[in-house]
Number of protein chains: 2
Amino acid sequence: MGRWEPNARGRLEEAALELFAERGYDQTTVAAIAERAGLTERTFFRHFTDKREVLFAGGPVLEELLVTAVAEAPAEKPAYDVVAGALGQLAAILNERRELAPRRQVVIDAHAELRERELGKLASWADALSRALQERGEDPRLAGLVAQTGVAVFRSAFESWVVDAGNQDLTAILRDSFAELRVAVAGM
Amino acid sequence: MGRWEPNARGRLEEAALELFAERGYDQTTVAAIAERAGLTERTFFRHFTDKREVLFAGGPVLEELLVTAVAEAPAEKPAYDVVAGALGQLAAILNERRELAPRRQVVIDAHAELRERELGKLASWADALSRALQERGEDPRLAGLVAQTGVAVFRSAFESWVVDAGNQDLTAILRDSFAELRVAVAGM
């Protein structure tokens, strides 16, 4: 095993995002990412299986966070509030990554295969939220409806945040989006 | 050009769905689909570019229907009602395909690449709805929020319909889903 490299993971992520922006995702090799980070390829592969995983490694971690947030919410809390709260926790974490998350999204939006992968990630979050709600005893249909809707609101808020390059507070945008949806739905 | 084959497109679609269910999507060839339909491969390629298009040819047609429904809705109608109305028209059309749509979905759900393609189709619908709302003068952020949410409600309703093999009325499930969301959101 090689020696310990301080914050190797963060340096690799930063290097990858720089190169994806400069050269394009397809033109960027793992060798170039490692070189830009001042690390070896061997170190890269201790942290990521391939260059795509640099962009998507966080997905399962965040999904687990959503599931835990739903499971730990007070039993009497309504499903929609539970989902809004879980997604609010997610927003707070991404808000701390405001230097990286919008740049990551620009790379993904420019690449059809990465966009599909990103949609798959969001669909997986919605399915996980739905299952977690059902484990709380929610009706499957309501669980699916609330989970899908919550992720749609999150996606919409996230897109607004990215367009503004992360300058606003994502948790505030998300809160506003849930409030706007309430107004829009009530007017039906 | 070959001779006119009555309802060739419908026969090819039926044959493809039978074979996808029997053998799996990957194991089904265009030659086998044409043979099952009692048609030539040449006739298949007059209707579809490949076997995947048998499953997804309707996507752009339905997207166009959504956009037209939004454009033609009364100017004073609120955005959320406009989207719910457009998706209701879509539900009515799919309801007429209750023999095919649930079988199609089973094929897609069993195949990772087809699931991603399906998610891409839904994302494209949401983007098209958002743009159509913006052309009516809606604020981009509200347009995106309402479009994403509407498609999420549709997806949830559609999944319930498919689970029940199309026995219920999709337009009724969709109406109920919008009503359930209103109750859930109002309780926040």
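What comes next concerns the included structure. All values derive from a computational prediction rather than experimental measurement. Just so you know, the residues in each chain are numbered from 1, in the order the chain's sequence is written. As they are written, the chains are lettered A onward and the ligands numbered 1 onward, keeping that order. Given that the model is predicted, a residue must reach a pLDDT of at least 70 before its local features are reported, and side-chain atom pairs must reach 80 or more before they are shown or counted; all residues, however, enter totals for whole chains, interfaces and linings. Calculation of side-chain values draws on the structure's entire complement of heavy atoms; hydrogens and water are dropped beforehand.

### Here's the deal with the overall build of chain A
- In this text, helices come from DSSP runs of H or I with a minimum length of four residues, and strands from runs of E with a minimum of two, each type numbered from the N-terminal end. Scanning chain A from terminus to terminus reveals 10 helices and 0 strands.
- The order of α-helices and β-strands along chain A, N terminus first, is α-α-α-α-α-α-α-α-α-α.
- Here the C-alpha coordinates of chain A stretch approximately 55 × 35 × 25 Å along the principal axes.
- When accessible area is computed with a 1.4 Å probe and restricted to protein chains, residues below 20% of their type maximum are described as buried, those above 50% as exposed, and intermediate ones as partly exposed. For chain A, the proportion of its 188 residues judged to be buried stands at 49%.
- Whether two residues are in contact is decided by their heavy atoms: any pair within 4.5 Å suffices. Residue pairs at least 24 apart in sequence account for 67% of intrachain contacts in chain A once pairs closer than 6 positions are excluded.
- Areas reported as accessible are Shrake-Rupley estimates using a 1.4 Å probe. Residue values count occlusion only from the protein chains shown. Accessible surface for chain A amounts to roughly 8900 Å². Of this, 52% is attributable to carbon and sulfur atoms.

### Concerning the relation of the copies chain A and chain B
- In superposing the copies, a least-squares fit is computed on C-alpha atoms, taking residues whose pLDDT is at least 70 in both. Between chain A and chain B, the superposition needs a rotation of 180° and an axial shift of 0.0 Å, giving an RMSD of 0.0 Å. Overall, the copies show the geometry of a two-fold rotation axis.
- Of the residues that chain A buries at the interface, 100% are likewise interface residues in chain B, meaning the two copies contact each other through the same surface.

### Structural notes on empty space enclosed by the protein
- Using only the protein atoms, space was sampled on a 1 Å grid; points where a 1.4 Å probe fits but cannot get out form cavities, open sets with protein on both sides within 12 Å along at least five of seven lines form pockets, and lining residues are those with an atom within 4 Å of a point. Grid points are joined across faces, edges and corners, and a volume is the space filled by probe spheres set on the points. The final tally for this structure, using the stated rule, is 1 cavity of 30 Å³ or more.
- Taken as a whole, the largest cavity encloses approximately 250 Å³ of empty space.
- Around the largest cavity sit 16 residues that line it, and Gln-148 and Arg-155 of chain A together with Leu-119, Gln-148 and Arg-155 of chain B are the ones nearest its centre.
- Among the elements of the structure, helix H8 (112-135) and helix H9 (140-163) of chain A together with helix H8 (112-135) and helix H9 (140-163) of chain B are those that each provide at least two residues to the lining of the largest cavity.

### A word on the interface of chain A and chain B
- Across the contact, 32 residues belong to chain A and 32 residues belong to chain B.
- A quick way to say it: buried area is the sum, across both parts, of accessible area lost when two parts are put together, with a 1.4 Å probe. When chain A packs against chain B, the two sides together hide about 3100 Å² of surface, and 62% of this comes from carbon and sulfur.
- Between Glu-180 of chain B and Arg-141 of chain A there is a salt bridge, with its nearest N and O atoms 3.3 Å apart.
- We call two N or O atoms a polar contact when they sit within 3.5 Å, provided that within protein one can donate a hydrogen and the other can accept it, with sequence-adjacent residues counted only if both atoms are side-chain atoms. Linking chain A with chain B are 6 residue pairs in polar contact (both at pLDDT 80 or more), by the criterion used here.
- Contributions of two or more residues to the side of chain A that touches chain B are made by helix H6 (79-95), H8, H9 and helix H10 (170-186) of chain A.
- Per element, the largest residue contribution to the side of chain A that touches chain B is 13 residues, and it comes from H9 of chain A. Salt bridge criterion: a side-chain nitrogen from Lys or Arg within 4 Å of a carboxyl oxygen from Asp or Glu.

### A short note on the packing of H8 of chain B against H9 of chain B
Residues and elements named next belong to chain B.
- For helices, the axis comes from a line fit to the C-alpha atoms of the stretch in contact; other axes are also lines fit to C-alpha atoms, and the angle between any two N-to-C directions lies between 0 and 180 degrees. Between H8 and H9, the least distance of the axes is 8 Å, while the angle of their chain directions is 140°. One way to sum up the angle between H8 and H9 is to call them oblique. Taken as a pair, H8 and H9 cross one another with a handedness that is right-handed. Mapping the contact onto sequence places Leu-119, Leu-122, Trp-125, Ala-126, Asp-127, Leu-129, Ser-130, Leu-133 and Gln-134 in H8 and Pro-140, Ala-143, Gly-144, Val-146, Ala-147, Gln-148, Val-151, Phe-154 and Arg-155 in H9. Reported orientations rely on four angle classes, namely roughly parallel under 35 degrees, roughly antiparallel over 145, roughly perpendicular from 65 to 115, and oblique for the rest. Should the near helix be turned counterclockwise from the far one by less than a right angle, the crossing is left-handed, whereas a clockwise turn marks it as right-handed.

### Let's talk about the environment of Leu-65 of chain B
- Following the sequence through the fold, Leu-65 of chain B ends up in helix H5 (residues 58-72).
- Excluding residues that lie within four positions of it along the chain, Leu-65 of chain B makes contacts with Ala-86, Gln-89, Leu-90 and Ile-93 of chain B.

### As for the environment of Trp-125 of chain A
- Residue position: Trp-125 of chain A is located in helix H8.
- Between the C-alpha atoms of Trp-125 of chain A and Glu-159 of chain A, which are 34 residues apart in sequence, the distance is 17 Å.

### Thoughts on H10 of chain A
- With 17 residues, H10 of chain A should cover 24 Å at 1.5 Å per step; its first-to-last C-alpha distance of 24 Å lies within 8% of that length.
- For H10 of chain A, the full list of buried residues reads Leu-170, Ile-173, Leu-174, Ser-177, Phe-178, Leu-181, Ala-184 and Val-185 of chain A. Relative to the axis of H10 of chain A, the buried residues are bounded by an arc of 140° and lie together on one face. Of the exposed residues in H10 of chain A, those oriented more than 90 degrees away from the buried face are Arg-175, Val-183 and Ala-186 of chain A.
- For H10 of chain A, the secondary structure elements touched by its buried residues are H6 and H9 of chain A together with helix H6 (79-95), H9 and helix H10 (170-186) of chain B. Take the number of residues in a helix, subtract one, and multiply by 1.5 Å to get its expected span. As used here, the arc is the angular range of directions from the helix axis to the C-beta atoms.

### Some words on the packing of H6 of chain B against H10 of chain B
Residues and elements named next belong to chain B.
- Between H6 and H10, the shortest axis-to-axis distance is 8 Å and the interhelical angle comes to 155°. In terms of orientation, H6 and H10 fall into the roughly antiparallel class. With respect to the hand of their crossing, H6 and H10 are arranged in right-handed fashion. On the side of H6, the interface is formed by Tyr-80, Ala-84, Leu-87, Gly-88, Ala-91, Ala-92, Leu-94 and Asn-95, while H10 contributes Leu-170, Thr-171, Leu-174, Phe-178 and Leu-181.
- Tallied by class, the residues present in the contact of H6 with H10 amount to 10 nonpolar, 3 polar and no charged. Asp, Glu, Lys and Arg are counted as charged, while Ala, Val, Leu, Ile, Met, Phe, Trp, Tyr, Cys and Pro are counted as nonpolar; the rest, among them Gly, fall into the polar class.

Worth remembering: the numbers are spatial, not functional.
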